[in-house]
Amino acid sequence: EERLAALNAKWRLDLIRQFRSSGRLLEVGCARGDFLRAASSFQAFGVEPNPELADCAGRVGAVHRGVIETLSLKNFDVAASFHVIEHTDSPRRFLEAIAARLRPGGFVVLETPNIHSMPFRLLKSRWRQFIPEHYYFFDEMTMRKLLEDAGFKVERIRRVGKFASPSLILNRLARYFRPLRIAEDLAARLHLQRLTIPIDPLDILIAVGSK
């Protein structure tokens, strides 16, 4: 899991470097610090409300133990947040709080599930992103409006993939096709979790806006 997280963090960092390659970077919802560790070319800070995760991330870099609205630091060049906005009580207030901590000309990078996607259209209520902790869902149009309403110029909205192992892929598919659990067990015995491949699950978007 940590190996896959490190690869995914580097993938996201490469996307961010297309807009900004150095400076002060803030990750909102930094979890255990995988992306902070990858962002060594930046002066990276994290925000994490979960105490245990914040302790882990604190061993990687500077972390504010709380939510973005209580962070006193400002004038960041980049603010990144991966799969957090769908968990917030108010995505608009969340994004406005990020905007207030960016310098003029700074960038925000948001990653979130895309509800206007083939997996949702095929699976409907069985879509993997329908979990109790996901309060809001976006597509390209609603994400664009959210960014613009918060004062950002939309630079890019695109689909993005991730790295996974064959074992992880089979584990997720087995939730929908129970016979695949046999293949999942076989993959585990063959240690296929050691293999890594890039995949596109077709239901993740990443958006970049400039202040």
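For the structure itself, consult the block above.
Residues numbered from 1 in each chain as written. Predicted model: local features only at pLDDT ≥ 70, side-chain atom pairs only at ≥ 80, totals over all residues. Heavy atoms only, no water.

A. Molecular detail of the pattern of salt bridges. Scanning the entire structure with this criterion turns up twelve salt bridges. A salt bridge links Arg17 to Asp14, with the nearest nitrogen and oxygen atoms 3.8 Å apart. Here Arg17 falls in the partly exposed class, since its relative accessible area comes to 35%. Linking Asp34 and Arg37 is a salt bridge whose minimum nitrogen-to-oxygen distance equals 3.9 Å. Taken together, the positions of Asp34 and Arg37, both in helix 2 (residues 34–38) and three residues apart, correspond to about one turn of that helix. In the salt-bridge network here, residues are joined through shared partners; they are Lys10, Asp14 and Arg17. (Salt bridge = Lys/Arg side-chain N within 4 Å of Asp/Glu carboxyl O. Buried < 20%, exposed > 50% of the residue type's maximum accessible area, 1.4 Å probe, protein only. Helix = DSSP H or I, 4+ residues; strand = E, 2+ residues; numbered from the N terminus.)

B. Looking closely at the side chain of His134. Structurally, His134 can be placed in the loop between helix 5 (118–123) and helix 6 (140–149). Apart from the residues within four sequence positions on either side, His134 is in contact with Glu86, His87, Pro113 and Gln129. (Contact = heavy atoms within 4.5 Å.)

C. Structural detail: the packing of helix 4 (residues 91–100) against helix 6. Packing of helix 4 against helix 6 leaves a shortest axis separation of 9 Å and a crossing angle of 50°. Between helix 4 and helix 6, the angle falls in the class oblique. Along this stretch, helix 4 crosses helix 6, giving a crossing that reads as right-handed. In this structure, helix 4 contributes Pro91, Arg92 and Leu95 to the contact, and helix 6 contributes Leu146, Leu147 and Asp149. When the residues that make up the contact of helix 4 with helix 6 are grouped by side-chain class, the tally is four nonpolar, no polar and two charged. (Axes fitted to C-alpha atoms, helices over the stretch in contact; angles between N-to-C directions. Parallel < 35°, antiparallel > 145°, perpendicular 65-115°, else oblique. Left-handed = near helix turned anticlockwise from the far one by under 90°. Nonpolar A, V, L, I, M, F, W, Y, C, P; charged D, E, K, R; others polar.)

Any functional reading would require information that these geometric values do not contain.
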